[in-house]
Amino acid sequence: QVQLVESGGGLVQAGGSLRLSCAASGRTFRSYTSGWFRQAPGKERECAVGISASGQSTYYADSVKGRFTASRANAINTQYLQMNSLKAEDTAVYYCAAGLGNYYTLGTFNYWGQGTQVTVSS
């Protein structure tokens, strides 16, 4: 029912910034919890950020706190991830995700984007 399309990934130098966008199909996106997962080479997929349907509640993994900011524009069914002060450790495939649960866990997220590669050089 819900399709997610990501954009904004690419190559950036350490200390730089990138902004990822995720466009969701359907106006019902406004009722979904959403977030961004990432998977680095040799590591498990982790939830980097989560954001409630209203956009008023957020979760940030310790590794990205203070550097990443999640937001969503429900009127246009889009969520964003602003990534600042990027580190080489942030290199990963980033996945937009959404679901109807109330927690930022893998079980909450039923819909996934195709993933976009973020590579941070140092």
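Just so we're clear, the structure is a prediction, and the values are computed from it rather than from any experiment.

Novice: Could you clarify how one ought to interpret the sheet that holds strand β7 (residues 68-73) in this entry?
Specialist: The pairing of strands in a sheet happens through backbone hydrogen bonds and is either parallel or antiparallel. Strand order in the open sheet formed by four strands is β1-β3-β8-β7, with antiparallel pairing between adjacent strands. Every interior strand has two partners, whereas the edge strands, β1 (4-7) and β7, have only one. Strand-to-strand twist in this sheet, taken as the mean axis angle between neighbours without regard to direction, amounts to 15°. As paired strands, β7 and strand β8 (residues 78-83) are joined by six bridges and run antiparallel to one another. In the strand pairing of β8, Arg 72 is matched with Gln 79.

Novice: Sorry, what's going on with the pattern of salt bridges here?
Specialist: When the charged atoms of two side chains lie near each other, side chains of opposite charge can form a pair. Enumeration according to the criterion identifies four salt bridges in this entry. With a closest N to O distance of 2.8 Å, Glu 46 and Arg 38 form a salt bridge. Owing to a relative accessible area of 32%, Glu 46 belongs among the partly exposed residues under this scheme. With relative accessibility at 5%, the residue Arg 38 sits in the buried group. Arg 38 is the salt-bridge partner of Asp 90, the closest N and O atoms lying 2.8 Å from each other. Taken together, the residues span a long stretch of sequence, with Asp 90 in the loop between β8 and β9 (92-99) and Arg 38 in strand β4 (residues 33-39) at a distance of 52 residues. Here Asp 90 matches Arg 38 in class, with each residue buried. One salt-bridge network, held together by shared partners, links Arg 38, Glu 46, Arg 67 and Asp 90.

What counts and how
Residues numbered from 1 in each chain as written. Predicted model: local features only at pLDDT ≥ 70, side-chain atom pairs only at ≥ 80, totals over all residues. Heavy atoms only, no water. Pairing = 2+ DSSP bridges. Helix = DSSP H or I, 4+ residues; strand = E, 2+ residues; numbered from the N terminus. Axes fitted to C-alpha atoms, helices over the stretch in contact; angles between N-to-C directions. Salt bridge = Lys/Arg side-chain N within 4 Å of Asp/Glu carboxyl O. Buried < 20%, exposed > 50% of the residue type's maximum accessible area, 1.4 Å probe, protein only.

So, to be careful, I would describe these as geometric facts and stop short of saying anything about function.
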